[in-house]
Amino acid sequence: MTIYLNGHYMPIEDAKISVLDRGFIFGDGVYEVIPVYSRKAFRVAEHLLRLQHSLDGIKLANPHSDSEWTGIIDELIARNAAQDQYLYLHITRGVAKRDHAFPSPPVEPTVFMMSNPLLTPPADLLHSGIACVTAPDNRWLRCDIKSIALLPNVLLRQMAVDAGCAETILIRPEFVNAEFVSGGGFMTEGAASNIFVVKNGKLLAPPKDNLMLPGITYDVVLELADANGIPYEVRKIAVAEVFAADELLLTSSTKEVLAITQLDGKPVGTGKPGAMFAQMYALYQDFKRDVMRV
Ligand code: PDD
């Protein structure tokens, strides 16, 4: 596997960074995951825009212009063998003596990119759907930043794995006048995915605010809903609506669109992938094919 590190392409075994890198010491950095289909990066402009938003959020200057990023992305795709890949792009605030405050003057950021073969969900998973658990969303209040500091997401995802499930759906607790509302709360997203609710033929999506990552796949799904006359609403989704859903959908760059057919051990709707999933999955595959053809 060939990776990119600070201006150089090399075998992953040769890649070395300092133990003083602020990514290692503080988790002080941001990342992107970009799918590549038939050796073409998907929605690059949108991923680079979100990267800029994340960099702005942590007050780190973008080390590259969009055309430089595109050059690195294309070169890395060319140097790796798989037709379908996923690129992991990672920028940290660089190497400096350990001190919480930013290094002054700033140091060179660390820029790392790797490619792995992209394995989209197999047919049996598309047919069965996945099982999820719910958990309180105990992350910080800037979940719109794609931060490399993922310990809360790691712990939340592990809860799903420990329960024999695929993902954890996060419920942000609700407070009224600083009082915790028992049984209240709103669904934000998955530990590493976005979540949609389907009720009475309508797609419900939580708003892209500071409490969730603005997913690139989430945007594609809403664009496809728009273009195909599928009714949808973007608004806060109460926890009770999640449990009363006819269908639940999960989206991410690596999982694309999946049906969630079990939640906390109980069936979602009929317990089988529903009509909205079937339609959205097909639309997404068609969209992908069209984009890759041009
Ligand atoms: N994760 N929300 C969170 C917390 C995520 O980590 C991700 C993606 C998403 C979906 O975003 P997108 O559609 O742009 O992939 C939502 C990536 C795949 C990861 O960390 O590996």
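Sequence order as written defines the numbering, with residues in each chain counted from 1. Reporting of local features is limited, given that this is a predicted model, to residues whose pLDDT is at least 70; pairs of side-chain atoms are given and counted only at 80 or more, and all residues count toward the totals for whole chains, interfaces and linings. Excluding hydrogens and water, the side-chain values take into account all heavy atoms of the structure.

Bringing the site of the ligand into the picture now. Within the structure, the ligand sits among 18 residues, and Tyr31, Arg50, Glu189, Thr217 and Ser253 are positioned closest to it. Side-chain atoms alone can form a polar contact between residues adjacent in sequence; in general such a contact is a pair of N or O atoms within 3.5 Å, and within protein one must be able to donate a hydrogen while the other accepts it. Between a nitrogen atom of the ligand and a side-chain N or O atom of lysine 146, the distance comes to 3.3 Å. In this structure, serine 193 approaches the ligand through a main-chain N or O atom, which is 3.5 Å from a nitrogen atom. Here the open area of atoms and residues is found with the Shrake-Rupley method and a 1.4 Å probe, where only the protein chains shown may cover a residue. Protein contacts shield 89% of the accessible area of the ligand, which totals 480 Å² for the unbound molecule. Each helix is a run of DSSP H or I of at least 4 residues and each strand a run of E of at least 2, with the numbering of both proceeding from the N terminus. Taken together, the elements giving at least two residues each to the shell around the ligand come down to strand 3 (29–37), strand 11 (186–190) and helix 6 (216–227). The residue makeup of the shell around the ligand, split by class, is six nonpolar, nine polar and three charged. Counting the residues that make up the shell around the ligand, at least three belong to each of domain 1 (2–117) and domain 2 (123–293). One heavy atom within 4 Å of a molecule or strand makes the whole residue count as near it. Throughout this entry, Asp, Glu, Lys and Arg are counted as charged residues, while Ala, Val, Leu, Ile, Met, Phe, Trp, Tyr, Cys and Pro are counted as nonpolar. The remaining residues, Gly among them, count as polar. An automatic or database domain assignment is the source of the domain bounds shown.

Now for the pairing of strand 15 (residues 247–252). Exposed residues in this analysis have more than 50% of their type's maximum accessible area, buried residues have under 20%, and partly exposed residues fall in between, with area computed by a 1.4 Å probe over protein chains only. With six of six residues buried, strand 15 lies mostly within the body of the structure. Burial along strand 15 is two-sided: the residues Glu247, Leu249 and Thr251 and Leu248, Leu250 and Ser252 are all buried. By the convention used here, strands pair only if DSSP detects at least 2 bridges between them. In this structure, strand 12 (residues 194–199) lies alongside strand 15, joined through five bridges in antiparallel fashion. Bridged to valine 197 within strand 15 is leucine 248. Relative to strand 16 (residues 256–263), strand 15 runs antiparallel, the two sharing five bridges. When the sheet's bridge partners are listed, leucine 248 is paired in strand 16 with isoleucine 260. Connecting the antiparallel pair strand 15 and strand 16 is a turn made up of three residues.

Turning next to the pattern of salt bridges. Side chains that differ in sign of charge can pair as their charged atoms come close. The rule for a salt bridge is simple: a side-chain nitrogen of Lys or Arg has to be within 4 Å of a carboxyl oxygen of Asp or Glu. As enumerated under the stated definition, the model contains 18 salt bridges in all. Measuring nitrogen to oxygen at the nearest pair gives 3.5 Å for the salt bridge that ties aspartate 246 to lysine 199. Taken together, the residues aspartate 246 in the loop between helix 7 (239–243) and strand 15 and lysine 199 in strand 12 connect sequence positions 47 residues apart. Taking relative accessible area as the criterion, lysine 199 reaches 32% and is therefore assigned partly exposed. Put simply, glutamate 256 and lysine 288 hold a salt bridge, and the shortest N to O gap is 2.7 Å. In this pair, glutamate 256 sits in strand 16 while lysine 288 sits in helix 8 (residues 275–293), placing the two residues 32 residues apart along the sequence. Classification of glutamate 256 by relative accessible area gives buried; the value is 1%. By sharing partners, the salt bridges in this structure join Asp137, Arg139, Arg172 and Glu189 into a single network.

In terms of domains, the protein chain is made up of domain 1 (2–117) and domain 2 (123–293). Here the C-alpha centre of domain 2 lies 26 Å away from the C-alpha centre of domain 1. In this analysis, two residues are considered to be in contact whenever any of their non-hydrogen atoms come within 4.5 Å of each other. Counting residues at the interface gives 25 residues for domain 1, matched by 24 residues for domain 2. Defined in terms of a 1.4 Å probe, buried area is the accessible area two parts forfeit on being brought together, summed over both. Each partner contributes to the roughly 2,000 Å² buried at the junction of domain 1 and domain 2, and carbon and sulfur atoms together form 65% of this total. Among the residues domain 1 hides against domain 2, the three largest losses belong to Tyr31, Arg43 and Arg50. Together they make up 32% of the total. Applying the counting criterion to the domain 1 and domain 2 interface returns one salt bridge. Between glutamate 223 and arginine 43 there is a salt bridge; the shortest N-O distance is 2.7 Å. For the pair domain 1 and domain 2, the number of links is eight residue pairs in polar contact (both at pLDDT 80 or more). The set of elements that each furnish at least two residues to the side of domain 1 that touches domain 2 consists of strand 3, strand 4 (40–41), helix 2 (44–57) and strand 5 (85–92). By residue number, the principal contributor to the side of domain 1 that touches domain 2 is strand 3, which donates seven residues.

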